[in-house]
Amino acid sequence: MFQTFDTKMIVKTKFLFFTGKGGVGKTSTACATAVSLADAGKKVLLVSTDPASNLQDVLEIELTNESTSIPNIQNLFACNLDPDEAARAYREKVIGPYRGKLPDAIVANMEEQLSGACTVEIAAFDEFTYLLSDPSIVEAYDHIIFDTAPTGHTLRLLQLPTAWSGFLEESTHGASCLGPLSGLTEKKETYSKTMDALSDSTKTTLILVARPDESSLFEANRASKELKEIGIINQLLVINGVMQSYLSEDEISSALYHRQRNALKNIPNDLKQVITYSLPYVAYSLTGVENLRHLFKQYTLPAKQLKMEKLDIRLPGLNKVVQDFSQRKTRVILTMGKGGVGKTTIASAIAIGLAQQGQNVHLTTTDPAANLEFAFKNSKENDKLTISRINPKDEVEAYKQEVLSKVSDELDEEALAYIQEDLNSPCTEEIAVFRAFADVVGRAKDEIVVIDTAPTGHTLLLLDAAQSYHKELARSTGEVSDNVKNLLPRLRNPEETSVVIVTLAEATPVLEASRLQEDLKRAEIVPKWWVINQSLYATETNDPVLKGRAQAEVGWIQKVSAELAEKSAIVPLSSGENIGYAQLKKFIQGGNE
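From a predicted model like this one, the values you see are computed outputs, not experimental measurements.

A. Geometry of helix α13 (residues 289-296). Buried residues dominate α13, accounting for six of its eight residues. All buried positions along α13 are accounted for by V289, L292, R293, H294, L295 and F296. Elements that come into contact with the buried residues of α13 comprise α1 (7-10), α2 (26-39), α3 (55-59) and β9 (275-280).

B. Representation of the pattern of salt bridges within the structure. Taken as a whole and assessed by the stated rule, the structure comprises 13 salt bridges. With a shortest N-O distance of 2.9 Å, E92 and R99 are connected by a salt bridge. Relative accessible area serves as the criterion here: at 38%, E92 is assigned to the partly exposed category. With its nearest N and O atoms 3.6 Å apart, the salt bridge here joins R222 to E226. One end of the pair is R222 and the other is E226, both in helix α11 (residues 214-228) and four residues apart, which spans about a single turn. For R222, a relative accessible area of 35% corresponds to the partly exposed category. It is possible to trace a salt-bridge network through shared partners that takes in D39, E290 and R293.

C. Just the sheet that holds strand β13 (residues 448-452), in detail. Read from one edge of the open sheet, seven strands run β12-β11-β13-β10-β14-β15-β16, paired in parallel fashion. Of all strands in the sheet, those bounded by a partner on one side alone are β12 (385-387) and β16 (567-572). Pairwise comparison of adjacent strand axes, ignoring direction, gives a mean angle of 20° for this sheet. One ladder, built from four bridges, connects strand β14 (residues 497-503) with strand β15 (residues 529-535); its direction is parallel. Pairing of T503 across the sheet is with I532, part of β15. Sitting on the sheet, helix α23 (residues 507-522) touches β10 (332-336), β14 and β15, and the angle it makes with β14 is about 160°. Along the sheet, helix α24 (residues 544-564) makes contact with β14, β15 and β16, crossing β15 at roughly 170°.

D. A look at the environment of T129. Mapping T129 onto the fold places it in helix α6 (residues 117-133). Put simply, T129 and M195 are 66 residues apart on the chain and 9.3 Å apart in space, counted from C-alpha to C-alpha. Contacts of T129, omitting those with residues within four sequence positions, involve T190, Y191 and T194.

E. Examining the sheet that holds strand β5 (residues 76-80) more closely. If you trace the nine strands from one edge of the open sheet to the other, you get β1-β9-β8-β7-β2-β6-β3-β5-β4, paired in mixed fashion. Looking at the sheet topology across the chains shown, the edges are occupied by β1 (3-4) and β4 (68-69). Pairing geometry for strand β3 (residues 44-48) and β5, over five bridges, is parallel. Bridged to L46 within β5 is A78.

F. A look at the pairing of β16. Judged from the five bridges that link them, β15 and β16 form a sheet pairing that is parallel. Paired with W530 across the two strands is S568, which belongs to β16. Handedness of the crossover is the feature at issue here: the chain leaves β15, passes through α24, returns alongside β16, and the resulting connection is right-handed.

G. How the structure looks around the side chain of E496. Among the secondary structure elements, E496 is positioned in the loop between α22 (482-491) and β14. Given a relative accessible area of 16%, E496 falls into the buried group. Contacts of E496, omitting those with residues within four sequence positions, involve T330, R331, V332 and R490.

H. Region of interest: the confidence of the model for the protein. Taken residue by residue, the protein gives an average pLDDT of 78. The fraction at 70 or more is 76%. Helix α20 (residues 456-464) is the least confidently modelled element of the protein, averaging 42 in pLDDT, while strand β8 (residues 235-242) averages 95, the highest of any element. Predicted confidence for residues 160-178 stays below pLDDT 50, and this span has 56 contacts to residues more than four positions away or in other chains. In the predicted structure, residues 455-467 sits below a pLDDT of 50 and forms 33 contacts with residues beyond four places in sequence or in another chain.

I. Representation of the nonpolar core within the structure. Of all hydrophobic cores here, the largest spans 49 residues; its most connected members are F437 and I557. Here this core gets eight residues from one element, more than from any other, and that element is α24. Sequence-distant contacts of I557, that is, excluding residues within four places in its chain, are made with I313, L315, A505, I532, S535, Y537 and I570. F18, V44, L59 and L295 belong to the second largest nonpolar core, which has 38 residues in total.

J. Focus on the packing of α23 against α24. At their nearest, the axes of α23 and α24 sit 10 Å apart, and the two run at 15° to each other. Here α23 lies roughly parallel to α24, going by the angle between them. Remark: the crossing between α23 and α24 carries right-handed chirality. Side by side, α23 and α24 meet where A507, V510, L511, S514 and Q517 of the first sit next to W556, K559, V560 and L564 of the second. Among the residues making up the contact of α23 with α24, the classes are represented as six nonpolar, two polar and one charged.

K. Representation of the packing of α2 against α13 in the model. Direction vectors running N to C along α2 and α13 enclose 85°, while the axes themselves pass 9 Å from each other. As summarised for this structure, α2 and α13 are arranged roughly perpendicular, according to the angle between their axes. Note on element contacts: α13 touches α2 through V289, L292, R293, L295 and F296, opposite S28, T29, C31, A32, T33, V35, S36 and D39. Grouping the amino acids of the contact of α2 with α13 by side-chain chemistry returns seven nonpolar, four polar and two charged.

L. Main features of the packing of aromatic side chains. Enumeration over the complete set of coordinates arrives at five aromatic pairs. Here the aromatic rings of F5 and Y277 are separated by 6.1 Å at their centres, their planes lie at 80°, and the arrangement is edge-to-face. Remark: Y277 occurs in strand β9 and F5 occurs in the loop between β1 and α1; sequence separation between them is 272 residues. For F5, a relative accessible area of 1% corresponds to the buried category. Judged by its relative accessible area of 9%, Y277 is buried. Their ring planes at 10° and their centres at 4.5 Å tell us that F17 and F146 sit as a pair that is stacked. With F17 in strand β2 (residues 15-19) and F146 in strand β6 (residues 143-147), this pair connects stretches of sequence that are 129 residues apart. We note that F17, like F146, is buried. The aromatic ring of Y141 is capped on one face by K43, whose charged end is 5.2 Å from the ring centroid. Looking at R549, its charged tip hangs above the ring of Y281, at a distance of 4.7 Å from the centre.

Here is what the cut-offs are and how they apply
- Residues numbered from 1 in each chain as written.
- Predicted model: local features only at pLDDT ≥ 70, side-chain atom pairs only at ≥ 80, totals over all residues.
- Heavy atoms only, no water.
- Buried < 20%, exposed > 50% of the residue type's maximum accessible area, 1.4 Å probe, protein only.
- Helix = DSSP H or I, 4+ residues; strand = E, 2+ residues; numbered from the N terminus.
- Contact = heavy atoms within 4.5 Å.
- Salt bridge = Lys/Arg side-chain N within 4 Å of Asp/Glu carboxyl O.
- Pairing = 2+ DSSP bridges.
- Axes fitted to C-alpha atoms, helices over the stretch in contact; angles between N-to-C directions.
- Right-handed = clockwise from strand over helix to strand, strands pointing away.
- pLDDT = per-residue confidence, 0-100.
- Core = buried A, V, L, I, M, F, W, Y, C linked by side-chain atoms within 4.5 Å.
- Parallel < 35°, antiparallel > 145°, perpendicular 65-115°, else oblique.
- Left-handed = near helix turned anticlockwise from the far one by under 90°.
- Nonpolar A, V, L, I, M, F, W, Y, C, P; charged D, E, K, R; others polar.
- Phe/Tyr/Trp six-rings, centres within 6.5 Å; stacked < 30°, edge-to-face > 60°.
- Lys NZ or Arg CZ within 6 Å of the ring centre and 35° of its normal.

Put into structure tokens, the structure is as follows:
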């Protein structure tokens, strides 16, 4: 259907950026590309700029922000640039000179303005800028590969002329992330060279990675358009995990194959203009150098046939999770996890299960990519269940109007242009959604609230930074509601709130979920259940490739159930789409009793 991804024929530029929705395999694809180029005699530097990087998990070696030689691969070096640590250092660089010289309240206000996702983005960009602009680095390698590209917002912000004016030092308006650029004026020339390199098709290739499913391809299409708008036009699309064949007598194999083919027939029109390659669905875990080498050779089975061994792993199904919440009278239930693991489906099924037991339930989502209407197929057959969606677009628009109405009479046209761009930032979405999120949780006095939350990093900013947002809301709007004031104490109360971590039985989702759990615990929120979703091990498939992948799941299922989770459940991969009330009701019964 598509050309095979072959680095010898495809890679023509020094800089390669891999980007894509969570869970699509961009890290494993970036690593396999790096290994392939190094094996071909090229000197390669592989860099991760992801706050939740799993580069070390895929390469099976500890990494720092200093380049490290990868064992058994001549010419390959890798490093993790930690944006969170970079953001901390960056904040102190900007704020440090003012400590003790300005009133504490003003310093605290500066810290708030440098606490959001924009600062992390800009700090990450600051970290890898030298890799694109320092001749001693650039000339030392044949290729520099970045796992996770800068977002369109970051690049637009750096291009905005007003960002480099004295306006930054003078303004006191209430926008959400004024500060990130205030310490960068001296780097204007370096950043300009970096932007030129990114948009130069002879130097840079952007590789969009997607899975053969509707939501993943939609996200790739959005990212492609956004980056083209700012001049990054040298793009390729890699569709990862495409099944090459299926067993007609195997229900799981047949359903998965045809589901993928339907998604590929409906690729968004704009994305069809991007040159597209594919990688196969494989039986083995994409960790370790040898398995990474197999991938580009189109091996769907490992070189040595896996010994299929059915171990006696007994975990309850989702129905036990529902029963536990019902018996404990939990009022707020949040599903969390890496993008693409099925949080919306799990949240929907839990809500239906509780409604079936006679509970009044409200189901909602704060995930911009989630679609509860699609999950329920506009059907709802229980008057105990209500459904809503916190629409980030609507919440952001309301927040923008609120901020602009307070400052529009005081600022000139140039200043307003900066504020309007600034209000397009992730920080604005976090604040706007945070307010709506708090109001929904406030409903839990009268009913159980089940919340399908956004992917990991965004969720943590909503929860862990709650106290900062209290102050930000008060500063921007002059008021803080009781729901906002009471939110974090309610989330920290295990008698009232439970977190369900949703994962897949694969390296990246499990390891990232483990890091998520540690972050939650630092915020004094302890997850109650882990749900292992879409498990092939829990099915009866006889497809050799799927059985190989099922066997690869065993170690991760054991790690979750024995090491990570207080309580764990497993849900088998479904042969059909989990759409509509009746189908979701059946889905609750998945797994072992």
